[in-house]
Amino acid sequence: MTDYEAVILDVDGTIVRGEELLPGATDGLRALEAAGCSRLLFSNNPTRGADHYGTKLAPHGIDIDPDAVLTSATVSAAYLATTHPGEAVYLVGEERLETILDDAAVELTADPDAAEVVLGSFDSEFSFGTLWESLRALEGEVAFYGTDPDVTIPVDGGEIPGSGAILAAMEAVAGREADAILGKPSSIAATAAMDRLDADPSNTLVVGDRLNTDIALGSNAGMDTALVLTGVTDRADLAAAEVEPDHVLDSLAAVETVL
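Residues numbered from 1 in each chain as written. Predicted model: local features only at pLDDT ≥ 70, side-chain atom pairs only at ≥ 80, totals over all residues. Heavy atoms only, no water.

### Considerations on the overall build of the chain
Consideration 1: Summing up its helical and strand segments, the chain has nine helices and 15 strands in all.
Consideration 2: Across the 259 residues in the chain, those meeting the buried criterion constitute 47%.
Consideration 3: Partitioning the contacts of the chain with sequence separation of at least 6, the portion at a separation of at least 24 is 67%.
Consideration 4: For the chain, the exposed surface amounts to about 11,800 Å²; the carbon and sulfur share of it is 47%.
Consideration 5: Averaging the coordinates of the 12 positive side-chain charges in the chain and doing the same for the 47 negative ones gives two points 5 Å apart. (Helix = DSSP H or I, 4+ residues; strand = E, 2+ residues; numbered from the N terminus. Buried < 20%, exposed > 50% of the residue type's maximum accessible area, 1.4 Å probe, protein only. Contact = heavy atoms within 4.5 Å. Areas by Shrake-Rupley, 256 points an atom, 1.4 Å probe, with all protein chains shown as cover. Lys, Arg positive; Asp, Glu negative; His and termini not counted. Charge placed at Lys NZ, Arg CZ, Asp CG, Glu CD.)

Structure (structure tokens):
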């Protein structure tokens, strides 16, 4: 038995699917509360800020403090504001991400030739013209980041291309990889999470449905990990996985078995 002092929880595929609460999610959250675990929700959604998840989960009777929520958007905004203050950031991404960056006092430019930093992310209006402009923006020694590596995003009825697909196109035309991913599973994301939790990684559990983001985040940072099978990963995926979770749970409801 391990006494965890903190837990990092993914949201989509772990607590909810779309707007629907996943079966057993409330039971799992109650078990974590009963065990005295500090709770941080961490979504790789690059189009949402912390307030969104309080609004999203409130109808299900789940009370979320915005200070206990991180997203790849908020982590990216904080990182760029701190690491590249006053530098012109060229964004390939959604308007909602632009607003989050602007709120964090990140200097944005729509001129690819003025870019000092390039940030690639999910963009539902991504086009040949966008790719051409990003190629111009990536000329020279500009810093190049991605919000998250998710190649696809599950939606009702299937999947749509995610940030990772757009980053791959930008990397291909520029002939270089992004300098870093800022959301999960990066060390930047892990540091942001532990700063919020004020806990030791060895006493922290990460719960999520994606091997290459949630489980990799925990594994890389010395945290225990639990994969839930309510999202994009099933048992067949585990056989070929490079990252192995410490626990595999049918749903968040089963988290009490590892506490």
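Structure's up, so let's keep going.
### Observations concerning the pattern of salt bridges
Consideration 1: Applying the stated rule across the entire model yields eight salt bridges.
Consideration 2: With a shortest N-O distance of 2.6 Å, Asp113 and Arg136 are connected by a salt bridge. Of the two residues, Asp113 is situated in the loop between β7 (108–109) and β8 (117–120) and Arg136 in helix α5 (residues 128–137); the sequence distance between them amounts to 23 residues.
Consideration 3: Arg136 sits in the partly exposed class, given a relative accessible area of 30%.
Consideration 4: Asp150 serves as the salt-bridge partner of Arg210, at 3.7 Å between the closest nitrogen and oxygen. Pair noted here: Arg210 is in the loop between β13 (204–208) and α8 (211–220) and Asp150 is in the loop between β9 (143–146) and β10 (152–155), with a separation of 60 residues, a long-range link. (Salt bridge = Lys/Arg side-chain N within 4 Å of Asp/Glu carboxyl O.)

### Remarks on the nonpolar core
Consideration 1: With 30 residues, the main nonpolar core has Ile8, Phe42, Leu80, Leu101, Leu119 and Tyr145 as its most contacted residues.
Consideration 2: Those elements giving two or more residues to this core turn out to be β1 (6–9), β4 (38–43), α3 (72–83), β6 (89–92), α4 (95–103), β8, β9 and α7 (187–197).
Consideration 3: Membership of the second largest hydrophobic core comes to 27 residues, among which are Ala25, Leu32, Ile64 and Leu259. (Core = buried A, V, L, I, M, F, W, Y, C linked by side-chain atoms within 4.5 Å.)

### Some thoughts on the sheet that holds β6
Consideration 1: A sheet is described by the order of its strands in space; here five strands give the open sequence β7-β6-β8-β9-β12, paired in parallel fashion. Both outer strands of the open sheet, β7 and β12 (180–181), are each paired with one neighbouring strand and no more.
Consideration 2: Bridge analysis of β9 against β12 gives two bridges, and the strand direction is parallel. Along β12, the bridge assignment pairs Gly146 with Ile181.
Consideration 3: Helix-sheet contacts for helix α6 (residues 163–174) involve β6, β8, β9 and β12, and the interaxial angle to β9 is about 155°. (Pairing = 2+ DSSP bridges. Axes fitted to C-alpha atoms, helices over the stretch in contact; angles between N-to-C directions.)

### Section: the domain arrangement of the chain
Consideration 1: What the domain assignment reports for the chain is domain 1 (6–44 + 184–257) and domain 2 (79–181).
Consideration 2: Relative placement of domain 1 and domain 2: their C-alpha centres are 26 Å apart.
Consideration 3: Tallying the contact residues gives eight residues for domain 1 and nine residues for domain 2.
Consideration 4: Of all residues in domain 1, Asn44, Ile188 and Arg210 bury the most surface against domain 2, accounting for 58% of the area lost on that side.
Consideration 5: Counting across the domain 1 and domain 2 interface gives one salt bridge.
Consideration 6: Across the domain 1-domain 2 interface, the total number found is two residue pairs in polar contact (both at pLDDT 80 or more).
Consideration 7: Split into classes, the residues belonging to the side of domain 1 that touches domain 2 amount to three nonpolar, three polar and two charged. (Domains from an automatic or database assignment. Buried area = accessible area lost by both parts, 1.4 Å probe. Polar contact = N/O pair within 3.5 Å; in protein donor to acceptor, adjacent residues only side chain to side chain. Nonpolar A, V, L, I, M, F, W, Y, C, P; charged D, E, K, R; others polar.)

### What about the side chain of Thr14?
Consideration 1: Tracing the sequence through the fold places Thr14 in the loop between β1 and β2 (16–17).
Consideration 2: Side chain to side chain, Thr14 and Asp10 meet in a polar contact 3.2 Å long.

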